[in-house]
Amino acid sequence: MATTDAQPRHTPLSLWVNGEYRPLSVQPRRTLLDALRNDCGLTGAKKVCEMGNCGACTVLLDGAAVYSCLVLAVECEQRSVTTIEGGAAGNTVGALQQAFIEHDALQCGYCTPGQIMSLAALFEREPAPTEASITEAVAGNLCRCGAYRHILEAARSLAASGTERRGAGDG
Amino acid sequence: MRPLRYVSSSTLDAVVAGLTAGDRLLAGGTDLLPLLKADLVHTTQLVDIKRAPLSGAIQRTPGGLRIGALATLAAIADSPLLDGPCSLLRQAARQTATVQIRNRATLGGNLLQRPRCWYYRNSRSDCWLKGGQGCPAVEGHHEHHAIFDDSPCRAAHPSDLAGCLLALDAAVVLYGLAGERSVSLHDFFRAPDSERRRETILGNDEIITAVDIPALPAGTVSIYLKAMDRKAWAFALVGMGIVLHRTGTTLDTVHIAATGLAQVPRRLAYCEQALAGTTAADVHIDAALQVLGRGASPLPGNAYKLDLARGLLERGLRSL
Ligand SMILES: Cc1cc2nc3c(=O)[nH]c(=O)nc-3n(C[C@H](O)[C@H](O)[C@H](O)COP(=O)(O)OP(=O)(O)OC[C@H]3O[C@@H](n4cnc5c(N)ncnc54)[C@H](O)[C@@H]3O)c2cc1C
Ligand code: FES
Ligand code: FES
């Protein structure tokens, strides 16, 4: 099938990852997940099913949660990607990481980066989300250890402090 | 995944010209990329239509509403323009897949997604839809398959939105080498046959540019109910879209379309006839449920879908 003509070259790609400019050179068939893990050395997003069936590869693309196994890297030219490595004290991902630690919201930890990124997309939009929004946000992230109850508790605790923060701001 | 080239085109004419040369269109990629990875779709060039002059807007038109092919399922789920008569579309979009998929998946891609049949999706299994001999589901595992026997293939159509749009009498706008045409969804979806092992009549040189929904009389109500193996992130075992309008207490419009029962989304015409012109009293609902399976030939492992469909139809009718 593949003739010489059909062999695509590497394509230059400018990506912004966690606020940092990342010039890369990738084959068009490379997924965003592989580009993050192999070309950027950011292995936080996990590679599990590669079919959109598990959520372990969830990252933010221009702020929206996506499965990075179902996005081609070349689709992300000049776009901004946030991964779990972007977590720091004072930002949403960092606050979620802290809440997960405090609520023991992980066992093996393999699904954790995906769970946190799905929640980060939600909390960036709604600092004090409802129970229904929280459940909807993580409905696309499987946890094979069954840590769901603690994951939801971690999210609820952050939602509650979001409500307090908002209340304080309003008053 | 095999090596590919990735391009975008600045005109629709260039896009459709490329189609005849074997290009594949990439929209959200949520169905195409898994099919490419499994080696079930072959191409050497992907054309990213998100960069083409195509719209994803949801807007009112003189005739009703138009949704651009690039509208994401997330945008459909969130659009206040789709409240009222079209609210079943928002409900269906909300119940489709997960947040991550809805952020990427487009309406055009959703209508053209291929069946979820495990034989079709397994590159090692031979199946009629992929050009093989028979449909292995008939004698094999067919719990999720069609109960109507309209094609040599028993896979059920997976799209939640397609059934709803069929209940709304929507039409797709297509653009190809011969220009633009509008095709009603009734004609667009057609059970695969030996000349055309696909679920639609989309031409090899055509692209979907939009979906048009005709205006519905004020007071029209609608609902989409979906039965799944689990509460989220699952395809419909059966999906039921219902659109009703009453004059006084009499039903003068009754549109019912099901997902998961046939190779393509299916209007349940016998049920509609049993209800049209009635007051949807218990006897009329019973009559509609009685004729729901007319013409169906369920397989041993999927006859339960008839009961599910009856349950959803009854619940939907009573809630509207
Ligand atoms: C885990 C998972 C769960 C899912 N659950 C559901 C569910 O519950 N209900 C449901 O309905 N769906 C479900 N889906 C399917 C999902 O909705 C579809 O994959 C999606 O809508 C396809 O849209 P896309 O833009 O990603 O299409 P793509 O993958 O980009 O394209 C799909 C096909 O359509 C073609 N195409 C795309 N746009 C156009 C156009 N404008 N004109 C012509 N051709 C075009 C492409 O060339 C390709 O052949 C699920 C998918 C996954 C992975
Ligand atoms: S690896 Fe992407 S969803 Fe499982
Ligand atoms: S903590 Fe192990 S999979 Fe979720």
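Along each chain, numbering runs from 1 in the same order as the chain's sequence is written. For naming, the first written chain is A and the first written ligand is 1, with later ones following in the order written. Side-chain atom pairs in this predicted model are given and counted only at pLDDT of 80 or more, local residue features only at pLDDT of at least 70, and totals for whole chains, interfaces and linings cover all residues. Side-chain numbers here rest on the full set of heavy atoms in the structure, without hydrogens or water.

**Q** Talk me through the overall build of chain B; I want residue IDs and the actual numbers.
**A** Under the scheme used here, helices are H or I runs from DSSP no shorter than 4 residues and strands are E runs no shorter than 2 residues, and both carry numbers assigned from the N terminus. Scanning chain B from terminus to terminus reveals 12 helices and 12 strands. Its C-alpha atoms give chain B a radius of gyration of 19 Å, within 12% of the compact-globule value 20 Å for 320 residues. Taking the principal axes of the C-alpha coordinates as reference, chain B spans close to 60 × 50 × 35 Å. Only protein chains enter the calculation, and the probe is 1.4 Å; a residue is then buried if its accessible area is under 20% of its type maximum, exposed if over 50%, and partly exposed in between. Here chain B, with 320 residues, has 57% of them falling under the buried criterion. Should any heavy atoms of two residues lie within 4.5 Å, those residues are counted as being in contact. Counted over contacts in chain B with a minimum sequence separation of 6, partners at least 24 positions apart contribute 61%. For chain B, the accessible area works out to roughly 12,700 Å², and carbon and sulfur atoms hold 51% of it. Charged residues are defined narrowly, with Lys and Arg counted positive, Asp and Glu counted negative, and His plus the chain ends left uncounted. By convention, the charge on Lys lies at NZ, on Arg at CZ, on Asp at CG and on Glu at CD. Each charge class in chain B was averaged separately, 34 positive and 29 negative side chains, and the resulting centres sit 6 Å apart. Here the globule rule is a power law, 2.2 Å times the number of residues to the power 0.38, and the radius of gyration is based on C-alpha atoms. Note on areas: Shrake-Rupley with a 1.4 Å probe; residue coverage comes only from the protein chains shown.

**Q** Describe the nonpolar core, and please don't skip the residues or the numbers.
**A** Residue and element names in this part refer to chain B. We define the nonpolar core as a collection of buried residues of types Ala, Val, Leu, Ile, Met, Phe, Trp, Tyr and Cys that are connected through side-chain atoms lying within 4.5 Å of one another. Grouped together as the largest cluster of nonpolar side chains are 90 residues, with contacts concentrated most on Ile-67, Ile-76, Leu-89, Leu-165, Val-172, Phe-188 and Ile-213. No other element matches helix 8 (residues 160-167), which puts six residues into this core. Grouped together as the second largest cluster of nonpolar side chains are 29 residues, Ile-223, Val-238, Ile-242 and Cys-271 included.

**Q** Can you lay out the interface of chain B and chain A for me, pointing to particular residues and giving the numbers?
**A** Counting residues at the interface gives 31 residues for chain B, matched by 35 residues for chain A. Looking at the side of chain B facing chain A, the largest losses of area belong to Gln-100, Arg-104 and Trp-233 of chain B, adding up to 26% of the total buried there. When a carboxyl oxygen of Asp or Glu is within 4 Å of a side-chain nitrogen of Lys or Arg, the pair counts as a salt bridge. Put simply, Glu-136 of chain A and Arg-102 of chain B hold a salt bridge, and the shortest N to O gap is 2.9 Å. The element that contributes the greatest number of residues to the side of chain B that touches chain A is helix 5 (residues 99-102) of chain B, accounting for four residues. Buried area: the accessible surface (1.4 Å probe) lost by two parts on joining, summed over both.

**Q** Can you tell me about the packing of helix 2 (residues 92-102) of chain A against helix 3 (residues 112-125) of chain A, naming the residues and giving the values?
**A** Residues and elements named next belong to chain A. Orientation of helix 2 relative to helix 3, taken along the N-to-C sense of each, is 125 degrees, at an axis distance of 9 Å. With respect to helix 3, the axis of helix 2 lies oblique. The element helix 2 and its partner helix 3 pack so that their crossing is right-handed. Mapping the contact onto sequence places Thr-92, Val-93, Leu-96, Gln-97 and Phe-100 in helix 2 and Thr-112, Gln-115, Ile-116, Met-117, Leu-119, Ala-120, Phe-123 and Glu-124 in helix 3. The residue classification treats Ala, Val, Leu, Ile, Met, Phe, Trp, Tyr, Cys and Pro as nonpolar and Asp, Glu, Lys and Arg as charged. All others, Gly included, are polar. Along the lines of polarity and charge, the residues of the contact of helix 2 with helix 3 split into eight nonpolar, four polar and one charged. For helices, the axis comes from a line fit to the C-alpha atoms of the stretch in contact; other axes are also lines fit to C-alpha atoms, and the angle between any two N-to-C directions lies between 0 and 180 degrees. Oblique is the label for every angle not falling under 35 degrees (roughly parallel), over 145 degrees (roughly antiparallel), or within 65 to 115 degrees (roughly perpendicular). Left-handed is the label given to a crossing in which the near helix is rotated counterclockwise from the far helix by less than a right angle, and right-handed is the label when the rotation is clockwise.

**Q** Can you lay out the sheet that holds strand 1 (residues 5-7) of chain B for me, pointing to particular residues and giving the numbers?
**A** Two modes of strand pairing occur in sheets, parallel and antiparallel, and in both the strands are linked by backbone hydrogen bonds. Residues and elements named next belong to chain B. We treat two strands as partners when DSSP finds at least two bridges between them. The strand order across the open sheet formed by three strands is 1-3-2, and the pairing between neighbours is parallel. Of all the strands in the sheet, just strand 1 and strand 2 (24-26) have a single pairing partner and so form its edges. This sheet shows a mean twist of 30 degrees between the axes of neighbouring strands, independent of strand direction. In the sheet, strand 1 pairs with strand 3 (residues 45-48) via three bridges, with the strands oriented parallel. Along strand 3, the bridge assignment pairs Tyr-6 with Leu-46.

**Q** Go over the layout of surface pockets, please, and point to the residues and values.
**A** The gaps of empty space that remain are located by a probe, the size of a water molecule, rolled over the atoms. Buried and open spaces are told apart on a 1 Å grid over the protein atoms alone, a cavity being a set of points where a 1.4 Å probe fits but cannot get out and a pocket being an open set with protein on both sides within 12 Å along at least five of seven lines. Residues with an atom within 4 Å of a point are the lining residues. Grid points are joined across faces, edges and corners, and a volume is the space filled by probe spheres set on the points. One number sums up the size of the second largest pocket: a volume of about 610 Å³. In terms of residue class, the lining of the second largest pocket is made up of 12 nonpolar, five polar and six charged.

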